[in-house]
Amino acid sequence: MNKKLAQAMGLTAALLAASAYAQNIKVAQVVELSGGGTAAGTMYRNGAKLAINEINAAGGVMGKKIESVEMDTQSQPAIAKAMTVKAIDEKVTAIFGPVFSGSILVSQTESQKASIPNFTGGEASNVTAQGNPYIFRSSFNQAMGMPKVANYLANDLKAKSVAVVFVNNDFGKGGRDAIIKELGARNVKVAADISTDPGQVDMSSAVLRAKQANADALFAYLNEEESARLLKELRKQGYDKPMVGETTLMGAKVIELAGSAANGVRGHVGLTADAPMFKDFGAKFEKEFKTKPDHNGIKGYFSAYMLKAAIEKAKSTDGKAIAAAMKNACFKVKDNPGILLDVCFDDKGDIDRESFLVEVKDGKQVVTQTLPMLNKR
């Protein structure tokens, strides 16, 4: 083979490879891989990574493979915004993350301007109140989850008064406002309203205030690491009233960090790897990453498969078409097994699906009740 022929064949191969590469569906994971949100962001990233690998191994989406790039927000809103701009410059089809509400509130303005569907694990109610047609939650809006928690406190525990402990950031303040509203609607008194700082290490004063309130139960709404510290301090000070929360009080990372202090904690979770429909996913995740997934891992996995389902419904990788395919739409597991649960999205991008009441026993979440969709369609 002469030199010119070899060069021509090499150029042809390179062009074919470049053409195939250009056909990939490129997505960006803009998540918390360092800083205060490391536990949540890493779990989300790993869940999406597992799903993307599975999708590609099964032939991709409409014959195209998914190519994922990872960008660390460092758990800082300004960096999340900068990384979102970088992802847009790289011509991505969709963005997964950030997980933290404070970051997605800032970064989503950029993905909206670029007409790029943006999946988030952020729970703050105002995340989907901005009129952004491209934002979609993989988690419950606080306005969806808190009525279920308040029902549990008022009806199951018969609590007449509750001490509320929350973290003073967008996530925590949104949850605090939502639970106080729902408790008031059920004639449950808020005996103490206790604010803590993001990253707070010493929880002794917060626990002392909760004890002094002498409420029938305690509701806590903090990030994972702070939740674990709170539970340890509650046990240390001998707190003996029911401890109730939402997902971040009973997640796998909280149980790992809090140890036995997490036993007995109860409440509502949107997602748990201990629910029967997540068992196979949990086993695959643990085999791949050598750790049990929490709700963030499920959110990431769901987001990747949800994007696949939306692209296939839209028959397009255009951002506007993908978003339109999801608004006011329902997706069923029988048609899209990877999404794990039947789900519906409303016109704001908020999600509705089954959820769970759980109690931590012997270091594990035990599902005590499966709760239906709030708005069946």
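The shown structure was predicted, so the numbers you read here are calculated from the model rather than taken from an experiment.

Definitions and cut-offs
Residues numbered from 1 in each chain as written. Predicted model: local features only at pLDDT ≥ 70, side-chain atom pairs only at ≥ 80, totals over all residues. Heavy atoms only, no water. Helix = DSSP H or I, 4+ residues; strand = E, 2+ residues; numbered from the N terminus. Buried < 20%, exposed > 50% of the residue type's maximum accessible area, 1.4 Å probe, protein only. Pairing = 2+ DSSP bridges. Expected span 1.5 Å × (residues − 1). Polar contact = N/O pair within 3.5 Å; in protein donor to acceptor, adjacent residues only side chain to side chain. Contact = heavy atoms within 4.5 Å. Phe/Tyr/Trp six-rings, centres within 6.5 Å; stacked < 30°, edge-to-face > 60°. Lys NZ or Arg CZ within 6 Å of the ring centre and 35° of its normal. Salt bridge = Lys/Arg side-chain N within 4 Å of Asp/Glu carboxyl O. Axes fitted to C-alpha atoms, helices over the stretch in contact; angles between N-to-C directions.

Engineer: What is the right way to look at unusual backbone geometry in this model?
Structural biologist: Among all residues save glycine, negative phi is the norm, and among peptide bonds the norm is trans. With an omega dihedral of 0°, the bond running from Gly 97 to Pro 98 counts as a cis peptide bond. Within the secondary structure layout, Pro 98 lies in the loop between β3 (94–96) and α4 (101–113). One non-glycine residue, Gln 74, lies in the positive phi region at around 55°. With respect to the helices and strands, the residue Gln 74 is situated in the loop between β2 (66–72) and α3 (77–89). One non-glycine residue with positive phi stands out, namely Asn 187, at about 60°. Mapped onto the elements, Asn 187 comes out in the loop between α6 (170–185) and β7 (189–196).

Engineer: Which parts of the structure should I look at to understand the pairing of strand β6 (residues 161–167)?
Structural biologist: Within a regular strand, the side chains alternate between the two sheet faces. Among the seven residues of β6, seven are classified as buried, and the element is accordingly described as predominantly covered. Looking at chain direction, β6 and β7 are connected through seven bridges and run parallel. Its bridge partner lying in β7, Ser 161 is registered against Lys 189. Where β6 and strand β8 (residues 217–221) come together, five bridges link them in parallel fashion.

Engineer: What should I look at first to understand helix α11 (residues 295–314) in this one?
Structural biologist: Owing to its 3.6 residues per turn, the α-helix brings residues three or four apart onto one side. For α11, with 20 residues, the first-to-last C-alpha span of 28 Å sits near the 28 Å given by 1.5 Å per residue. α11 sits mainly inside the fold: 16 of its 20 residues count as buried. You can read the cap of α11 off the contacts: a side-chain oxygen lies 2.8 Å from the backbone nitrogen of Asn 296, and it is on Asp 294. Phi for Lys 315, located one or two positions after α11, is positive at around 55°.

Engineer: How should α3 be read in this particular structure?
Structural biologist: Spanning 13 residues, α3 covers 19 Å between terminal C-alpha atoms, matching the ideal 18 Å at 1.5 Å per step. Looking at α3, one finds that the buried residues are Ile 79, Ala 80, Met 83, Thr 84, Ala 87 and Ile 88. In the core, the buried residues of α3 are packed alongside β1 (25–31), β2, β3 and α4. Backbone geometry just downstream of α3 places Lys 91 in the positive-phi region, at approximately 60°.

Engineer: Sorry, what's going on with the packing of aromatic side chains here?
Structural biologist: In this description, an aromatic ring pair is defined by two values, namely the gap between the centres and the angle between the planes. Scanning the model with the defined rule gives 10 aromatic pairs in all. Pairing Phe 278 with Phe 356 gives two aromatic rings, centres 6.3 Å apart and planes at 75°, and the pair type is edge-to-face. Taken together, the residues Phe 278 in the loop between β10 (266–269) and α10 (279–289) and Phe 356 in strand β14 (residues 355–361) connect sequence positions 78 residues apart. Under the relative-accessibility criterion, Phe 356 is labelled buried at 0%. Ring geometry for Phe 281 and Phe 285: centres 5.8 Å apart, planes at 55°, overall tilted. Residue Phe 281 and its partner Phe 285 are both found in helix α10; the two are separated by four residues, about one turn of the helix. Just as Phe 281 is buried, Phe 285 falls in that class too. Three or more aromatic residues joined by ring pairs make a cluster, and in this case those are Phe 281, Phe 285, Phe 289, Tyr 301 and Tyr 305. The residue whose ring lies beneath Arg 353 is Phe 140, and the NZ or CZ to ring-centre distance is 5.5 Å. Taking NZ or CZ as reference, Arg 353 lies 5.8 Å from the ring centre of Phe 302, over its face.

Engineer: Can you help me understand the pattern of salt bridges in this one?
Structural biologist: Two side chains carrying opposite charge are able to pair once their charged atoms lie near each other. Across all of its chains, the model carries 15 salt bridges by this definition. In this structure, the salt-bridge partner of Glu 182 is Arg 186, at a minimum N-O distance of 2.8 Å. Classification of Glu 182 by relative accessible area gives buried; the value is 15%. With a shortest N-O distance of 3.4 Å, Lys 253 and Glu 256 are connected by a salt bridge. Of the two residues, Lys 253 and Glu 256 both sit in helix α9 (residues 252–258), three residues apart, roughly one turn of that helix.

Engineer: Please explain the sheet that holds β6 as it appears in this structure.
Structural biologist: Strand pairing in a sheet relies on backbone hydrogen bonds, with the paired strands running either antiparallel or parallel. Taken in spatial order, the seven strands of this open sheet run β7-β6-β8-β9-β10-β14-β15, and their pairing is mixed. Lying at the two open borders of the sheet, with one neighbouring strand each, are β7 and β15 (364–371). Direction aside, neighbouring strands of the sheet carry axes that sit 25° apart on average. Contacts from helix α5 (residues 142–156) reach β6, β8, β9 (243–245), β10, β14 and β15, with the element oriented near 165° to β8. Contacts from helix α8 (residues 224–236) reach β6, β8 and β9, with the element oriented near 170° to β9.

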